[in-house]
Amino acid sequence: MKPDLGQDPASSEITPENLYLRRREFIKNGLLFAATSAGVAGGLLWLLKGQRGGRGKPSGTAGTDRAGGPGGAIGAQTEPPALEFSTHSPVSTSETMTPLADVTSYNNFYEFGTEKGDPAANAGTLRPRPWTVAIEGEVKRPQVVDIDQLVRWSPLEERIYRMRCVEAWSMVIPWIGFPLRDLVARVEPTSKARYVAFTTLLDPVQMPGQRRAVLDWPYVEGLRLDEAMHPLALLAVGLYGKVLPNQNGAPLRLVTPWKYGFKGIKSIVKIRFTAAQPPTTWNLAAPDEYGFYANVNPAVDHPRWSQATERRIGDLRRRPTLPFNGYADQVAGLYSGMDLRRFF
Amino acid sequence: MGSAAPHDRRPWLKPAVFTGALAPLAVIVAEAALGRLGANPIAEALNRLGLTALIFLVAALACTPLRTLFGWTWPIRLRRMLGLFGFFYALLHLSTYVGLDQAFDAHAIFADITKRRFIYIGFAAFVTLIPLAVTSTAASVRRLGFVRWKRLHRLAYVAAALGVIHFGLRVKKDLREPILYGVVLGALLLARVGVQLRTRWLKQT
C-alpha cells in the first residue's frame, strides 16, 4: 500500500537551493564556533587547574567528608574522645579569628600535595587513631605513648594565637592543646639534652604526597630546649573546640606562634631529645631561605620576597608584620645577644 | 560565495578563540563575586592571571612551528590575537599586584622591583611585552618593514622565558609546572632554530 504523502508543497514554499546551502553553512559554522570556544575555554581552565588552590571544599574536615575514601572507612575507626578544655587563656589574642572554613581549606601540608587546597582534598587517607608517639633520646623516661593517653597528660586549654606563614599571609587560630613544657617536664630530659627534635609520620599510603621527593621525608623540625620550655610553645590536639582536622596536622602538632608556620610540625610520631642541633626539613631544602630558628622578623626578608608586611586571611589590605609575630615581649629574651640576621 | 573575496573556510575560528580566551577572566570574576576564590583570593587571582598570560605567550609562539612542522596555516591567523591576550592577562596580573596586593604602595613596589629577583624578572617580562603589543598592528609591520618587525618580535621568546623564570621563582619547592612550561618553550625555540639552520644549510649546498 502506498503511504499517503499528502499534497505536494506549493513551489513557492520550496527553499531556493542557495539559501538552503547558506543556512546549512550558517548552522555548521555556529556549531564549530560553539565547539571551538568551548574547547579553548576548557583547555585553558584545565591548564589552570593546578593553580586553583582556592577551590577546596569551603567547610568540613577531611576526616568527616571523606569517609570511605581510599584510606578505608573512617567511621569504622574508634572515635576520638570529645575535648574538654579551659578557655580565656591570658596569652590568647582578642583579634578576630580566621573562619574555620579558611583554617581548614588553606593549608601547607606537602605530605598531601603542594597546593593550598590539596591537604583538605587529600588528607582523608590519614588515620589519626590509633596513633602512638615515641619519646626518646636524652630523657630519663623514654616511652611510646598512645595519643589518647598523651592528651590526658596535662589539662587542655584553648589558646588563640596568631599564625604567620613564611609566605607572608597570616591567620588567627583558636588551638586546643597543652604547653610543650609539660611534656618535657614529665619525661625528664637528661643534663645532655639541649634540643628537641620532632618527626612527622612517614607513610606514603596515608600521606600520598610522600610518594614524590618534593622534600626529604619524613618532615623533621626542632627547637632549642629553652624554646621548647617556653610557655607559649604548644602541643595542639584540636582547633575551634574540636579534634584537629587531618589537614591541620592530626592528631598532634606543634604550635610556636612567634615562629614562621613551617616550624609547626604536623602529625608528630616522634619527639627526640638531643645534644646536637637537629636537622630541620625546610632548612635542608633551602638553607639560605629557611633558618633553624625561623623567628618571624619583618627586618629579615626572605631572599625572594619581603617579610615586612603580611596579608591576614580575610583582609584586603596588607598589615605590617611585627617582630616575633607580636610575641616579642614574651620571647625576645630567648635570643638576647644573638644576631638575628645571621640566625634567621 | 558569489563575492570576489577569497572564501574564508573558518569564519568561526577567530571569534571562537576570542570568546574562549576570555573564560579564565570570566571564571575569576564570577568566583570573586561569589566569594569562591578561597581563603586568599588576591593570591589566587594573581596566580591564575599570571599563568594565563604565560599560556597565551607560549601558544602565540607555537603558531609558526605548527606551520613549519605540520603545514597548518590557520594558527598563524591567531598569532597576533594570542600574543595580545598574553599581554592583556599580563597587564591584569601586574595591575592586581600593584593595586590589590600592594594597594598602590609605591615605596613597597619600588623596593620589590629593585631588590627582588622574583619581582624584577616578572616586571622585565611585562616591559618586554609593551613594544610587541604596541607594534602588533599591520600598519606597524609596514612602517617598520617586515624584517625589522620580525626581529623585534623575537623578543616574545625573551618575554616568555622571563615569565617561566618568574613562575619558577614563585614556587617554594614543587618546580614541576614551571619546568614543564620551560621545556615546551625550549622545544618551540629549538624547532625554529632547527628549521632556520636547515634552510641555511640547504641554501649553501
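Placed above this text is the structure.
Please read all numbers here as calculations on a predicted model, not as lab measurements.

> Help me out: how do you make sense of the overall build of chain B in this one?
Helix and strand counts for chain B stand at 10 helices and zero strands. In terms of overall dimensions, chain B has C-alpha extents of about 55 × 45 × 35 Å along its principal axes. Buried residues in chain B amount to 32% of all 205 residues.

> So what exactly am I meant to see when it comes to the overall build of chain A here?
Across its full length, chain A carries nine helices and 13 strands. Here the analysis covers contacts within chain A between residues at least 6 apart in sequence; of these, 72% occur between residues at least 24 apart.

> I would appreciate a short explanation of the interface of chain A and chain B in the present structure.
When the parts of a complex come together, some accessible area is lost, and that lost area is often used as the size of the interface. Taken together, the contact pairs 35 residues of chain A with 33 residues of chain B. The element best represented in the side of chain A that touches chain B is helix α1 (residues 17-47) of chain A, accounting for 12 residues.

> Help me out: how do you make sense of the sheet that holds strand β2 (residues 132-137) of chain A in this one?
The pairing of strands in a sheet comes from backbone hydrogen bonds and takes either a parallel or an antiparallel form. Residue and element names in this part refer to chain A. The five strands are arranged β3-β2-β11-β6-β7 in an open sheet whose pairing can be described as mixed. The sheet terminates laterally at β3 (143-146) and β7 (220-224), the two strands that pair on one side only. Going from strand to strand, the sheet's axes swing by 20° on average, the running direction of each strand aside. Two elements, β2 and β3, share four bridges in a ladder whose sense is antiparallel. Looking at β3, one finds that threonine 132 is bridged to aspartate 146.

> I'm lost on α1(A) in this one. Help?
Two residues of an α-helix separated by three or four positions point the same way, owing to the 3.6 residues in each turn. Taking 1.5 Å per residue, 31 residues should reach 45 Å; α1(A) reaches 45 Å between its end C-alpha atoms and fits that length. Among the residues making up α1(A), those that are buried are Phe33(A), Ser37(A), Val40(A), Ala41(A) and Leu44(A). Elements in contact with the buried residues of α1(A): α1 (13-21), α2 (23-33) and α3 (41-70) of chain B.

> Looking at this structure, I do not really get the nonpolar core. What am I missing?
Generally speaking, nonpolar side chains in soluble globular proteins are found buried as a group. Counting 74 residues, the largest nonpolar core has Ile173(A), Trp175(A), Val196(A), Phe198(A), Leu235(A), Ala236(A) and Val237(A) as its most contacted members. Those residues in contact with Val196(A) that lie beyond four places of it in its chain are Gly222(A), Leu223(A), Leu225(A), Ala228(A), Ile271(A) and Phe273(A). Core analysis: the second largest hydrophobic core is formed by 45 residues, Val40(A), Val17(B), Tyr97(B) and Tyr181(B) among them.

> Please explain the packing of helix α4 (residues 74-101) of chain B against helix α6 (residues 117-134) of chain B as it appears in this structure.
For any two helices packed against each other, one specifies the inter-axial angle together with the distance between the axes. Residue and element names in this part refer to chain B. In contact at an axis separation of 10 Å, α4 and α6 are set at 140° when each is read in the N-to-C sense. In terms of axis orientation, α4 runs oblique to α6. Along this stretch, α4 crosses α6, giving a crossing that reads as left-handed. Facing α4, whose interface residues are Gly83, Leu84, Phe87, Ala90 and Leu94, α6 presents Phe126, Leu129, Leu132 and Ala133. Grouping the amino acids of the contact of α4 with α6 by side-chain chemistry returns eight nonpolar, one polar and no charged.

> Where do I start with the environment of Pro204(A) in this structure?
All names here are of chain A. Looking at where proline 204 falls in the secondary structure, it is placed in the loop between β6 (195-200) and β7. Under the C-beta neighbour-count criterion, proline 204 is labelled exposed, with 12 such atoms within 10 Å. Placed 92 residues apart in sequence, proline 204 and phenylalanine 112 show a C-alpha to C-alpha distance of 9.5 Å.

> Even after reading the chapter, I still don't get the pairing of strand β4 (residues 156-164) of chain A, so can you show me in this structure?
Looking along a regular strand, one sees side chains alternate from face to face of the sheet. Residues and elements named next belong to chain A. Sheet analysis places strand β1 (residues 85-86) next to β4, joined by two bridges and oriented parallel. By the bridge assignment for β4, serine 86 is matched with glutamate 157. Examined bridge by bridge, β4 and strand β5 (residues 169-179) share eight bridges and lie antiparallel to one another. Paired with isoleucine 160 across the two strands is proline 174, which belongs to β5. Joining the antiparallel neighbours β4 and β5 is a turn of four residues, in which alanine 168 adopts a positive phi near 70°.

> In this structure, what is going on with the packing of α3(B) against α4(B)? I would like to understand it.
Residue and element names in this part refer to chain B. Contact geometry for α3 and α4: axes closest at 8 Å, N-to-C directions at 160°. Between α3 and α4, the angle falls in the class roughly antiparallel. Note on packing geometry: the crossing formed by α3 with α4 is left-handed.

> How do you make sense of unusual backbone geometry when you look at a structure like this?
Across residues other than glycine, the phi torsion is negative in most instances, and most of the peptide bonds are trans. Residue and element names in this part refer to chain A. Backbone torsion omega between arginine 129 and proline 130 reads -10°, so that peptide bond is classified as cis. If you trace the backbone, proline 130 turns up in the loop between α4 (118-122) and β2. Positive phi values are uncommon outside glycine, yet histidine 88 reaches one of about 55°. Position of histidine 88 among the secondary structure elements: in the loop between β1 and α3 (100-103). One non-glycine residue, asparagine 325, lies in the positive phi region at around 55°. Secondary-structure assignment places asparagine 325 in the loop between β13 (319-320) and α9 (328-331).

Basis of the calculations
- Residues numbered from 1 in each chain as written.
- Chains lettered and ligands numbered in written order.
- Predicted model: local features only at pLDDT ≥ 70, side-chain atom pairs only at ≥ 80, totals over all residues.
- Helix = DSSP H or I, 4+ residues; strand = E, 2+ residues; numbered from the N terminus.
- Buried ≥ 20, exposed ≤ 12 C-beta atoms within 10 Å, placed from the backbone.
- Contact = placed C-beta atoms within 7 Å.
- Pairing = 2+ DSSP bridges.
- Axes fitted to C-alpha atoms, helices over the stretch in contact; angles between N-to-C directions.
- Expected span 1.5 Å × (residues − 1).
- Core = buried A, V, L, I, M, F, W, Y, C linked by C-beta atoms within 7 Å.
- Parallel < 35°, antiparallel > 145°, perpendicular 65-115°, else oblique.
- Left-handed = near helix turned anticlockwise from the far one by under 90°.
- Nonpolar A, V, L, I, M, F, W, Y, C, P; charged D, E, K, R; others polar.

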